[in-house]
Amino acid sequence: MRERSLAIRSFTDLANPTRFVALAGRLLPWLASLTVLLFAIGLTLCFTTAADYQQGETVRIMYIHVPAAWLAMMGYTVMAASALGTLVWRHPLADVAAKCAAPIGAGFTALALVTGSLWGKPMWGTWWVWDARLTSFFILFLMYLGLIALNRAMDDAGRAAKVAAVLILVGFVNIPIIKFSVDWWNTLHQPASVLRLGGSAIDPEFRRPLLVMALAFTCLFFTLHLAAMRTEIWRRRIAAMRRQAARGAASA
Amino acid sequence: MSAHLAYVAASYGAALLVVAGLVSWVVLDARARRRELQALEEAGIRRRSAGGGAP
Amino acid sequence: MMALYLRDLKLATRAGGGALTGILFFLAVVAVVPFGLGPDLKLLARVGPAMLWIGALLASLLGLDRLFQAEREDGALDVMLMQETPLVLVVFVKCLAHWTASGLPLVLISPLLGLFLNMEPAAILATMLTLLAGTPAITLIGAMGAAVAVALPRGGLLVSILVLPLVVPVLIFGVSAAYAAVEDPAPFLPPFLILIAISLFFAVIGPAAAAVALRASSE
């Protein structure tokens, strides 16, 4: 391989899958080590900081729950941006990015739901409340699962990508409406909820581990996303080679 | 307090489970594809534009 | 356009069209509710609007995957794609026809089912009004799902899964407006107007997205 030609000089060079694979191969070890390092620092901070005088030890759940929730939303934003890339610029890597972000985003959404539930049990006394935030997240989870199911149901990757992109974008436009409607619904059904967590600003004591953990989870997301994209490119390459081989065999 | 600790442990366990699941999915998938790619290349099948085009 | 509207209407209402199935499904769903909840008339009156809404939602999702499927099978879809009239408009007209054939009957039959559920006249009227305003939104969002389903070998169930999360707002505002008409402190108009706004919003978004998806899946 000529090393020079593989250098990424501009954003458009990223459109070349071969260059992307080479770049991903070079970046991945660094990103993975950074992720491990950040998690090491973050987890140490998580367990060494003082417990909250009100919530006790359960405040430590927040260090996982909140970053997971952020990443669940960021995952969908990444998908929406990629969907725009697919539909508007027909960027060849955009549909790969959208497809690979879905399982990872769904994983983080599930994590946010599970930890939220585990947080809710000792704090609110119940595993699940139809709280506005929880409900919107549950709907987000359903949307992720629907998109994964759609990707799995279609054979032709290119066509699946465009159709999924439409759905992702409509879902993205819909998220504020869903959020708004669920808020409305929630205030209607449980006025003056005492179950809400105190909306006060987070104490700096808790902010530091939270931020480090958020960074660690973000790094983890991008590491996984990059690796999954590389695999997806390989998968398509394999399919193309198989077709090629079949065609060659047929014409020979 | 100890009961609360169980919830904390469970949520960290869940996080571990989800992260481990995602990581192993990505790693195993990558390994399988890489092996497949190698097998195909050994069989003498090249991409149309071997050396740097889009597949 | 008018011809397309009439043609779709005719296709949907004649034997083998999906319109009647939807109504029957709606009837069956609502008829099953008392068996699940018990024959307590007070309870039924309380859950009535919600049950009617959920029934109507499921019934309108039921026939949606057929919206473009038949056209795809007989090739009419390709003609529509090549026509000079914008595809968005064609999709919109098809949605209108679909709603007239399968959504409107649901609205018309809902008062009868309301009587079964021991609902007050005001609640029945409110539910009917909200259904009238809300079911077009379901069809219009569903059109996108139907366009997606065209590209799938077996799309039917997947369409419902994809569309259901997106219609949650419609359900929320529809039901809360219906309840607001009966329960005193809550005002009827704000949720009703929001419901109409959602319908209008998706009258723009839905057909546009469906048109893009149709083009993508037929390339």
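Structure shown above.
Residues numbered from 1 in each chain as written. Chains lettered and ligands numbered in written order. Predicted model: local features only at pLDDT ≥ 70, side-chain atom pairs only at ≥ 80, totals over all residues. Heavy atoms only, no water.

A. Fine view of the interface of chain B and chain A. The partner chain A presents 42 residues to the 33 residues of chain B that form the contact. Our enumeration of links across chain B and chain A arrives at two salt bridges. A salt bridge links glutamate 36 of chain B to arginine 242 of chain A; the nearest nitrogen and oxygen atoms lie 3.1 Å apart. For the pair chain B and chain A, the number of links is two residue pairs in polar contact (both at pLDDT 80 or more). Tallied by class, the residues present in the side of chain B that touches chain A amount to 20 nonpolar, five polar and eight charged. (Contact = heavy atoms within 4.5 Å. Salt bridge = Lys/Arg side-chain N within 4 Å of Asp/Glu carboxyl O. Polar contact = N/O pair within 3.5 Å; in protein donor to acceptor, adjacent residues only side chain to side chain. Nonpolar A, V, L, I, M, F, W, Y, C, P; charged D, E, K, R; others polar.)

B. Focus on helix H7 (residues 121-150) of chain C. All names here are of chain C. Over its 30 residues, H7 extends 42 Å from the first C-alpha to the last, a length consistent with the 44 Å expected when each residue adds 1.5 Å. Helix geometry: H7 is bent most strongly at leucine 132, by close to 30 degrees, with proline proline 136 lying one to four residues after it. When you tally the buried positions in H7, you get 23 out of 30 residues, the bulk of the element. (Helix = DSSP H or I, 4+ residues; strand = E, 2+ residues; numbered from the N terminus. Expected span 1.5 Å × (residues − 1). Bend = angle between axes of the 7 residues up to and from the residue. Buried < 20%, exposed > 50% of the residue type's maximum accessible area, 1.4 Å probe, protein only.)

C. Summary view of the packing of H7 of chain C against helix H9 (residues 168-182) of chain C. Residue and element names in this part refer to chain C. It is the contact of H7 with H9, at a shortest axis distance of 8 Å, that shows an interaxial angle of 170 degrees. When the axes of H7 and H9 are compared, the pair comes out roughly antiparallel. Counting all contacts with H7, which are made through Ala122, Ala123, Ala126, Thr127, Thr130, Gly134, Ala137, Ile138 and Ile141, the residues of H9 involved are Val170, Gly174, Ala177, Ala178, Ala181 and Val182. Classifying every residue of the contact of H7 with H9 gives 11 nonpolar, four polar and no charged. (Axes fitted to C-alpha atoms, helices over the stretch in contact; angles between N-to-C directions. Parallel < 35°, antiparallel > 145°, perpendicular 65-115°, else oblique.)

D. Representation of the interface of chain A and chain C within the structure. Counting from both sides, the interface comprises 28 residues of chain A and, opposite them, 29 residues of chain C. Of the roughly 2400 Å² buried at the junction of chain A and chain C (both faces included), carbon and sulfur atoms supply 83%. Among the residues of chain A in contact with chain C, Arg159, Leu167 and Trp184 of chain A are the three that bury the most area, contributing 23% of the side total. Along the contact surface separating chain A from chain C lie zero salt bridges. (Buried area = accessible area lost by both parts, 1.4 Å probe.)

None of this, on its own, says anything about what the molecule does.
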